[in-house]
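Residue-level structural notes
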Amino acid sequence: MHLNNRRNVTSGVIMMGLFRGNKINAGEVSMNMDFADRIKNVEALFQPKSIAVLGANNVKGTVPSDIFENLIKTEFRGVLYPVSPGEKRIGSVKAYKYVVDIEDPVDMAVIVFPSS
């Protein structure tokens, strides 16, 4: 399943996506899943067990920093993975250079980068 929500804001573009399931090929979704698998994919959107925040940083007051801090402060009980090539840690959380460096499954990715 591939869900994509794109919204323009004054500081840039926020994109959110969920990639989980059998195959994703150039934005196309494989429909080789049975109904139970499709329900699990939708559950991952509304109840993710892990979220990768791509573009997270340590610069207070920026959209990436605020999003990551808000996820930490909420009642989210899953695992957060900040992805930031230039940081070793975001706050007290280990940062990953690339999303492919995350060894565990990621249910949701929040991609936040400043506009150019």
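Now for a quick tour of the structure.

1. A look at the overall build of the protein chain
Of the regular secondary structure elements, the protein chain holds two helices and nine strands. A burial count over the protein chain gives 32% of its 116 residues as buried. Counting only contacts in the protein chain whose residues sit at least 6 apart along the sequence, the fraction spanning at least 24 positions is 56%. When the accessible area of the protein chain is evaluated, it comes to approximately 7800 Å², of which 54% is carbon and sulfur surface.

2. Section: the pattern of salt bridges
Under the criterion given, the structure shown has two salt bridges. Between Glu69 and Lys60 there is a salt bridge, and its shortest N-O distance comes to 2.8 Å. Two residues, Lys73 and Glu69, come together in a salt bridge whose shortest N-O distance is 3.7 Å. One end of the pair, Lys73, and the other, Glu69, are both in helix H2 (residues 63-73), four residues apart, so they sit about a helical turn from each other. Each of Lys60, Glu69 and Lys73 takes part in a single network of salt bridges with overlapping partners.

3. Things to note about the nonpolar core
Ile51, Val53, Ala56, Phe68, Leu71, Phe76, Leu80, Ile90, Ala95, Met108, Val110 and Val112 form the largest nonpolar core, which has twelve residues in total. Here this core takes three residues from strand E9 (residues 108-114), the largest share from any one element. For Phe68, the residues in contact, after removing those within four places along its chain, are Val53, Ala56, Leu80, Pro82, Ile90 and Val93. Counting seven residues, the second largest nonpolar core, distinct from the first, contains Ala52, Leu54, Val83 and Ala109.

4. Some words on the pairing of strand E6 (residues 79-83)
A regular strand carries its side chains on alternate faces of the sheet. Among the five residues in E6, four count as buried, and that is most of the element. Sheet topology places strand E5 (residues 50-54) next to E6; five bridges connect them, and they run parallel. Across the sheet, Leu54 pairs through a bridge with Val83, a residue of E6. Remark: the E5/H2/E6 crossover connection has right-handed handedness.

5. Concerning the pairing of E5
Here E5 lies mainly inside the structure; five of its five residues are buried. Residues Ser50, Ala52 and Leu54 point to one face of E5 and Ile51 and Val53 to the other, with burial holding for every one of them.

6. Observations regarding the environment of Tyr96
With respect to the helices and strands, the residue Tyr96 is situated in the loop between strand E8 (93-94) and E9. Judged by relative accessible area, which is 16%, Tyr96 ranks as buried. Remark: the alpha-carbon pair of Tyr96 and Tyr81, spanning 15 residues in sequence, is separated by 7.2 Å. Look past the residues within four positions of Tyr96 in its chain and what remains in contact with it is Tyr81, Pro82, Val83, Ser84, Pro85, Asp101 and Ile102.

7. Quick word on the packing of aromatic side chains
Scanning the entire structure with this criterion turns up one aromatic pair. Taking the centre distance of 5.7 Å and the plane angle of 70° together, the rings of Tyr81 and Tyr96 count as edge-to-face. You can see Tyr81 sitting in strand E6 and its partner Tyr96 sitting in the loop between E8 and E9, a full 15 residues away along the chain. For the pair Tyr81 and Tyr96, one class covers both residues: buried.

How each quantity is defined
Residues numbered from 1 in each chain as written. Predicted model: local features only at pLDDT ≥ 70, side-chain atom pairs only at ≥ 80, totals over all residues. Heavy atoms only, no water. Helix = DSSP H or I, 4+ residues; strand = E, 2+ residues; numbered from the N terminus. Buried < 20%, exposed > 50% of the residue type's maximum accessible area, 1.4 Å probe, protein only. Contact = heavy atoms within 4.5 Å. Areas by Shrake-Rupley, 256 points an atom, 1.4 Å probe, with all protein chains shown as cover. Salt bridge = Lys/Arg side-chain N within 4 Å of Asp/Glu carboxyl O. Core = buried A, V, L, I, M, F, W, Y, C linked by side-chain atoms within 4.5 Å. Pairing = 2+ DSSP bridges. Right-handed = clockwise from strand over helix to strand, strands pointing away. Phe/Tyr/Trp six-rings, centres within 6.5 Å; stacked < 30°, edge-to-face > 60°.

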